[in-house]
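Take a look at the letters that make up each chain.
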Amino acid sequence: MKSRIYIIIVLTLLTTCGLQSCSTSDSDEPIKKEGIVTVDVVLNVSAHQKTANEPNGADTRMPASSDVNQFDVTQTSGKFRGVQELRLYPMASEEPVSPDYIGNLTRQGDTYNYLSTHQVELSIGTSSFLCYGRAIPFTENNEVAKFKNGFFNAHYDEENPLNSYFDPEPIYVPDNKAQAIATYLTNIATAGHWNQVTDENETLSELRDLFKKFVNLNNTGEYSSFAGSSRNIKAMVSKLYQDIAKLNYGTGSEGATLQRTILSAITTGVTFDTNNHEVTNLGTTMDDYPTHLPDGAAVIQWNKTTSQFEPILNQTAFNDINSLNRFVYPAELYYFKHSSIKTSASSEKEHYNLSTWSGESGVLHYYENDNAEVTTNTLSVAIKEPLDYAVGCLKTYIKATSSTLKDANEDLTLQDVTLDAGTFPLTGILIGGQTRQGYNFEPQKIGDQYDEYIIYDPTLQDESVCLGAVVSQYSSPLFTLALQTQEKKPVKLVLEFLNNSKDFVSENGIIYKGTKFYLVASINVPATPAEDFTKRVFTKDYITEVHLDINNLTHAYNALPSLDSDNLHIFNTVQAGIQEWKAESTTSHSTYNW
């Protein structure tokens, strides 16, 4: 293999150096060495005239409002965030090559369209560039900022950039809250030996039946898992307290003693509202679980053999959940292009102020050698193709088809849930099918398989989006950035709602008022793709648009099952509408405001 080379350019275009030339003098003469040539390099960008009132970053990951001075993180409004770091790797015959010089690309001024560098050394034989750009993030590097801007881990291989890869960033940070919740529930279940009340004990039949409901014993005699989030546990034990408190056992009876013991266990170690008979806070050891994850990711189950509740954190062949470490932040805004070059035997710096890149009046017109290699006579190099988005974008619309939706009540008469304008706020979007990306931002196998992740995006443009407010009409679009997915493979899309209406029956248990629930859709691709970008649900540099119609709640979930499950109940199957990622302005998608 030839010796290695990279040009790493760190740009912060809001600095003085970013607006003025920081390169060597224009009068520098080319210096020729054996195997090395000193050249000028230019890259196509598009100047954005930043006004005094324009903020330096985005306030939201979603599209901007009608405020023309507002940036947006998903870059769908024509306003762009700028690039914090740009990396250019010269390549020859699919191998990296090495110069002796590492230089900076600078903008010629805020009225010029291109970034360039002068007197940079390239190996003879250089024929293309691998180009990467990372959009300017916020200064914070915490969960809030990662949700807001998106985040993944970039692993650049400086020995050979073809070995570079990009990993989704898991959200989950292990803690002891899941076990603390399991212990709390176990203490309730075993209080006064409640768990040992037999079917033959008719005197305590009401408490026995409530126990079966508490441990989620189904009709087949199995103990089903259920949502183990703090939010769901508070609602569940509050309802349990209220149901047990209604029982009328005689003073001094076995039932009355057991009743008092269970009620005491429910209120022990937590904050309890005696007026409303509600657990309002589980305390620092149990509240806010799962932290930063969807509530439905938390799962708990009764173990009859050990007589205790157990948290389920990892997917196995024997359960139907998503491992907590599968949930990742949305993709962040990156750029990528592997571009051929044009070369010239003369300096072309005087043309960098032209208004167009291609065509007879553009910069490229003055470079005579197309799809060329750097030779001993080369003085100027143009990277032909502008950077493209390295990630895809999901554009989602939702609507309810009726103001009354049916739930999954076990009796044959389905119950109506009535929607009003504030019913069921949308609190998050989840996207499956996310994998490690190779150097070219395409799915990469780890060993002999793909490890799939699930994006969790709780950062919505309009937090007032409610299902009841979009009856018979689609919501405004919601945008989330996602990584390119595998060809010909459907992708699961999940909507997360808050139940602010009433208790109703879901696919896998009761969804209590005040808890969250989930509706799962499947996004498909055409059986016979017309274009390359339609072979997959998400393709880098393309927007995938879906419209979701919600006509019932019979397939709602409170605990989110594995998105790989063959038994997953889908409320909606949609065909993806895929289009080039064009700004909603006159700006072409192939040029960028830096």
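Residues numbered from 1 in each chain as written. Predicted model: local features only at pLDDT ≥ 70, side-chain atom pairs only at ≥ 80, totals over all residues. Heavy atoms only, no water.

### What to know about the environment of threonine 280
By secondary structure assignment, the location of threonine 280 is in strand β12 (residues 278–281). Under the relative-accessibility criterion, threonine 280 is labelled partly exposed at 39%. Threonine 280 sits 49 residues away from arginine 231 along the chain, and the two C-alpha atoms are 9.5 Å apart. Beyond its immediate sequence surroundings of up to four residues, threonine 280 is in contact with Lys234, Thr271 and Asp273. (Helix = DSSP H or I, 4+ residues; strand = E, 2+ residues; numbered from the N terminus. Buried < 20%, exposed > 50% of the residue type's maximum accessible area, 1.4 Å probe, protein only. Contact = heavy atoms within 4.5 Å.)

### Some points on the sheet that holds strand β19 (residues 392–400)
Strands sit in the order β24-β19-β29-β31 across an open sheet of 4 strands; the sheet is mixed. With one partner strand each, in any of the chains shown, β24 (478–482) and β31 (577–580) form the two edges of the open sheet. For this sheet the average axis-to-axis angle between neighbouring strands, irrespective of direction, equals 25°. Inspection of the sheet shows β19 paired to strand β29 (residues 542–550) by 8 bridges, in the parallel sense. Bridge assignment links cysteine 393 to a residue of β29, and that residue is isoleucine 543. (Pairing = 2+ DSSP bridges. Axes fitted to C-alpha atoms, helices over the stretch in contact; angles between N-to-C directions.)

### Digging into empty space enclosed by the protein
One pass over the structure, following the stated rule, counts 3 cavities of 30 Å³ or more. Here the largest cavity defines a volume of roughly 40 Å³. Around the largest cavity sit Phe151, Phe152, Pro168, Glu169, Val328, Tyr329, Pro330, Ala331, Gln434, Ile455 and Leu483, which together line it. Classifying every residue of the lining of the largest cavity gives 9 nonpolar, 1 polar and 1 charged. (1 Å grid on protein atoms, 1.4 Å probe; cavity = no way out; pocket = protein on both sides within 12 Å on 5 of 7 lines; lining within 4 Å. Points joined across faces, edges and corners; volume = space filled by probe spheres on them. Nonpolar A, V, L, I, M, F, W, Y, C, P; charged D, E, K, R; others polar.)

### Concerning the nonpolar core
Grouped together as the largest cluster of nonpolar side chains are 63 residues, with contacts concentrated most on Tyr184, Leu185, Ile188, Trp194, Phe214 and Phe309. Elements that contribute at least two residues to this core include exactly α3 (177–189), α4 (205–214), α5 (230–245), α6 (254–267), β13 (299–303), β23 (453–457) and β28 (516–524). The residues touching isoleucine 188, leaving out its near neighbours within four places in the chain, are Trp194, Phe214, Val237, Leu240, Ile262, Ala265 and Ile266. Counting residues in hydrophobic clusters, the runner-up holds 43 residues, among them Phe424, Val465, Ala521 and Ala576. (Core = buried A, V, L, I, M, F, W, Y, C linked by side-chain atoms within 4.5 Å.)

### Details of the side chain of serine 339
Within the element layout of this structure, serine 339 appears in strand β16 (residues 334–344). Given a relative accessible area of 1%, serine 339 falls into the buried group. Among the polar contacts made by the side chain of serine 339, one reaches the main-chain amide nitrogen of glutamate 385 at a distance of 2.9 Å. With residues near it in sequence (within four places) discarded, serine 339 still touches Ser128, Phe129, Ile383, Lys384 and Glu385. (Polar contact = N/O pair within 3.5 Å; in protein donor to acceptor, adjacent residues only side chain to side chain.)

### Concerning the environment of leucine 43
Along the chain, leucine 43 falls in strand β2 (residues 36–44). For leucine 43, a relative accessible area of 0% corresponds to the buried category. Here the alpha-carbon distance between leucine 43 and tyrosine 352, two residues 309 residues apart in the chain, equals 9.8 Å.

### Structural notes on the sheet that holds β28
Adjacent strands of a sheet form backbone hydrogen bonds with each other and so pair up, either parallel or antiparallel. Taken in spatial order, the 6 strands line up as β15-β23-β22-β25-β28-β30 in an open sheet, and their pairing is mixed. Unpaired on one side and paired on the other, β15 (327–328) and β30 (572–575) mark the two borders of the sheet. Pairing analysis gives 2 bridges linking β15 to β23, with the strands arranged parallel. Within the sheet, the bridge partner assigned to phenylalanine 327 lies in β23 and is isoleucine 454.

### Section: α5
Its 16 residues give α5 an end-to-end C-alpha distance of 22 Å, which sits within 8% of 22 Å, the value for a rise of 1.5 Å per residue. Here α5 has its buried residues at Ser230, Asn232, Ile233, Lys234, Ala235, Met236, Val237, Ser238, Leu240, Tyr241, Asp243 and Ile244. Packed against the buried residues of α5 are α3, α4, β10 (226–227), α6, β11 (271–273) and β12. (Expected span 1.5 Å × (residues − 1).)

### Considerations on the layout of surface pockets
Gaps between atoms show up when a probe of the same size as a water molecule is rolled over them. Of the voids in this model, the largest pocket is the one considered here, and its volume is about 1,300 Å³. Looking at the largest pocket, it is lined by 46 residues, and the ones nearest its centre are Asn216, Ser224, Glu507, Asn508 and Gly509. Breaking the lining of the largest pocket down by element, the ones donating at least two residues are α4, α5, β13, β26 (504–506) and β27 (509–511). At 5 residues, α5 tops the list of elements feeding residues into the lining of the largest pocket.

### Some points on the packing of α3 against α6
Interhelical geometry of α3 versus α6 gives an angle of 165° and a closest axis separation of 8 Å. Here α6 runs roughly antiparallel to α3, going by the angle between their axes. Crossing geometry of α3 relative to α6 is assigned as right-handed. Every residue of α6 that contacts α3 at Tyr184, Asn187 and Ile188 is listed here: Ile262, Ala265 and Ile266. The residue makeup of the contact of α3 with α6, split by class, is 5 nonpolar, 1 polar and no charged. (Parallel < 35°, antiparallel > 145°, perpendicular 65-115°, else oblique. Left-handed = near helix turned anticlockwise from the far one by under 90°.)

### Considering the pattern of salt bridges
Taken as a whole and assessed by the stated rule, the structure comprises 22 salt bridges. A salt bridge links lysine 406 to aspartate 416; its shortest N-O distance comes to 2.7 Å. Residue lysine 406 is located in strand β20 (residues 404–406), and its partner aspartate 416 is located in strand β21 (residues 416–418); the two are separated by 10 residues in the primary sequence. Taking the relative accessible area as the measure of exposure, lysine 406 reaches 35% and is therefore partly exposed. Of the charged contacts, one joins aspartate 532 and lysine 535 as a salt bridge, the two residues approaching to 3.7 Å between their closest N and O atoms. Exposure remark for lysine 535: the relative accessible area of 29% places this residue in the partly exposed category. A single salt-bridge network, built from bridges that share partners, covers Asp199, Arg208, Asp209 and Lys212. (Salt bridge = Lys/Arg side-chain N within 4 Å of Asp/Glu carboxyl O.)

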